[in-house]
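The chain contents come next:
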Amino acid sequence: MAKVLVIGGAGYIGSHVVLELLEKKNQVVVFDNLSTGQRENLFEAAEFIEGDILDFEKLKNVMKKNIDVVIHLAAKKAVWESMKNPEIYATNNIEGSINILNAMVETNVKNIIFSSSAAVYGTPEYLPVDENHKKNPINFYGYTKSLIEELLKWYDELKGIHYIALRYFNAVGYDALGRVKGKEKNPQNLLPIVMEAATGKRNGFEIYGKDYDTKDGTCERDYIHVSDLATAHEKAVQKLMKENESYILNLGTGKGVSVQEVVNAAQKVIGKKIKYTYAPRREGDPAKLVASSDLAYQVLNWKPKYINIEDIIKTTWNMENTDEH
Ligand code: UFG
């Protein structure tokens, strides 16, 4: 049991993390500016404070609530936008994280879990990618995550703040029991786009590239279910409560699934054809990106439950069908 401050707790991953923390009887305070987070993602059992990570005073006041562990998931995350408007990403992601760390120093909060990303690796030099792989982000979003990891190392060394940075691979799916109510708005990622094409919200979609050196010519990714990410966060909280150690951990399944396989599986789950065409490669896409998560398995005693892409897609499809908007 811990008292956990979840910054960005009304967002897509954050709401699943809050749910898991509550399930495991932790006390939860959610801090979110509701810019992309949604009110319907808030749970009765968690205290909610509306606020922005750029508001240092407000952050400090929240930290004074005897917080054991901060989970920091508040960030801008659209890769293309980070290349167009890096200043927005510098402010929200980097300055926002510095505010969180400085507020922790001032209020003597000693533990933080940071949502990092596979984007820190850039184009992988070997597969599966483990945590020792060199960091070489190829977009500004990935750079912000990499830089924040470096800040964490220094605040650990100089201020005794322990951290677990979790490098997510491709987060997908929704709570299988439908307890998370807010569907992500304006989705930018493959699976929600496929879902929108399936429900007619968009007139088909494009598969970017079919000439990659992969099993079927389309890009392979490591799709990790958001509820599996959530259990890893809860275990990371317990780890930080027990030990004064810091870690950087990949979170993936270790299984490469191609875009074509995602589309085929979606058609199977939905039971109908989805409209798509093949388009040229998208700039900056590595052919394959698959995680080695052995370290997370060991350190957190965690394993993803969802390995089969069809099972993952079912949880997303359920969400489509319960959507009332
Ligand atoms: N894709 C399509 N058509 C689409 C959208 C995506 O073919 O309309 C393909 C992409 O080319 C890629 C795969 O589907 O091969 C997955 O694409 P996503 O945009 O869903 O995800 P990415 O792998 O590009 O990016 C994800 C996260 C980023 C993170 C990155 C790190 O969205 O935040 O992983 O690995 F930085």
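This is a predicted model, so every value here is computed, not measured.

Caption draft 1: Up close: the overall build of the chain. A tally of helices and strands in the chain yields 10 helices and 14 strands. Relative to a compact globule of 325 residues, whose C-alpha radius of gyration would be 20 Å, the chain shows 19 Å and is just as compact. Reported as C-alpha extents along the three principal axes, the dimensions of the chain are approximately 55 × 45 × 40 Å. For the chain, buried positions account for 57% of its 325 residues. In the chain, the share of contacts with a sequence separation of at least 24, taken over all contacts with a separation of at least 6, comes to 77%. Taken as a whole, the chain presents about 14,600 Å² of accessible surface, with 48% of it coming from carbon and sulfur. Placing the 41 positive and 44 negative side-chain charges of the chain at their respective mean positions leaves the two points 3 Å apart.

Caption draft 2: Fine view of the pattern of salt bridges. In total, this model carries 24 salt bridges according to the counting rule given. Here Glu149 ties to Lys135 by a salt bridge, and the two come within 3.0 Å at their closest N and O atoms. Placement of the pair is Glu149 in helix H5 (residues 140-159) and Lys135 in the loop between strand S5 (111-117) and H5, with a sequence separation of 14 residues. Where Glu150 meets Lys135, a salt bridge forms, and the shortest distance between an N and an O atom there is 2.7 Å. Taken together, the residues span a long stretch of sequence, with Glu150 in helix H5 and Lys135 in the loop between S5 and H5 at a distance of 15 residues. On the accessibility criterion, Glu150 (31% relative accessible area) is partly exposed.

Caption draft 3: Main features of the sheet that holds strand S14 (residues 288-289). Read from one edge to the other, the open sheet built from three strands follows the order S12-S9-S14, with strand pairing classed as mixed. Only two strands of the sheet have a single partner each, and these edge strands are strand S12 (257-258) and S14. Taken together, the two bridges between strand S9 (residues 220-221) and S14 define a ladder with parallel strand orientation. Across the sheet, residue Glu220 finds its bridge partner in S14, namely Lys288.

Caption draft 4: Expanded view of the pairing of strand S4 (residues 69-72). Going residue by residue along S4, you find Val69 and Ile71 tucked away on one face and Val70 and His72 tucked away on the opposite face as well. Inspection of the sheet shows strand S1 (residues 3-7) paired to S4 by four bridges, in the parallel sense. Note on S4: the bridge partner recorded for Val4 is Val69. When S4 meets S5, the two strands line up parallel, connected through three bridges. Bridge pairing in S5 links Val70 to Ile112.

Caption draft 5: A look at the layout of surface pockets. Approximately 250 Å³ is the volume found for the second largest pocket. Only helix H1 (12-23) and helix H7 (226-242) provide two or more residues apiece to the lining of the second largest pocket.

Caption draft 6: Region of interest: helix H2 (residues 56-63). The complete set of buried residues in H2 reads Leu59, Lys60, Val62 and Met63. Each buried residue of H2 lies within a common arc of 160 degrees when the element is viewed along its axis, so the set occupies one face. Against S1, strand S2 (27-32), strand S3 (47-50), S4 and helix H4 (86-107) lie the buried residues of H2.

Here is what the cut-offs are and how they apply
- Residues numbered from 1 in each chain as written.
- Predicted model: local features only at pLDDT ≥ 70, side-chain atom pairs only at ≥ 80, totals over all residues.
- Heavy atoms only, no water.
- Helix = DSSP H or I, 4+ residues; strand = E, 2+ residues; numbered from the N terminus.
- Rg over C-alpha atoms; globule rule 2.2 N^0.38 Å.
- Buried < 20%, exposed > 50% of the residue type's maximum accessible area, 1.4 Å probe, protein only.
- Contact = heavy atoms within 4.5 Å.
- Areas by Shrake-Rupley, 256 points an atom, 1.4 Å probe, with all protein chains shown as cover.
- Lys, Arg positive; Asp, Glu negative; His and termini not counted.
- Charge placed at Lys NZ, Arg CZ, Asp CG, Glu CD.
- Salt bridge = Lys/Arg side-chain N within 4 Å of Asp/Glu carboxyl O.
- Pairing = 2+ DSSP bridges.
- 1 Å grid on protein atoms, 1.4 Å probe; cavity = no way out; pocket = protein on both sides within 12 Å on 5 of 7 lines; lining within 4 Å.
- Points joined across faces, edges and corners; volume = space filled by probe spheres on them.
- Arc of directions from axis to C-beta.

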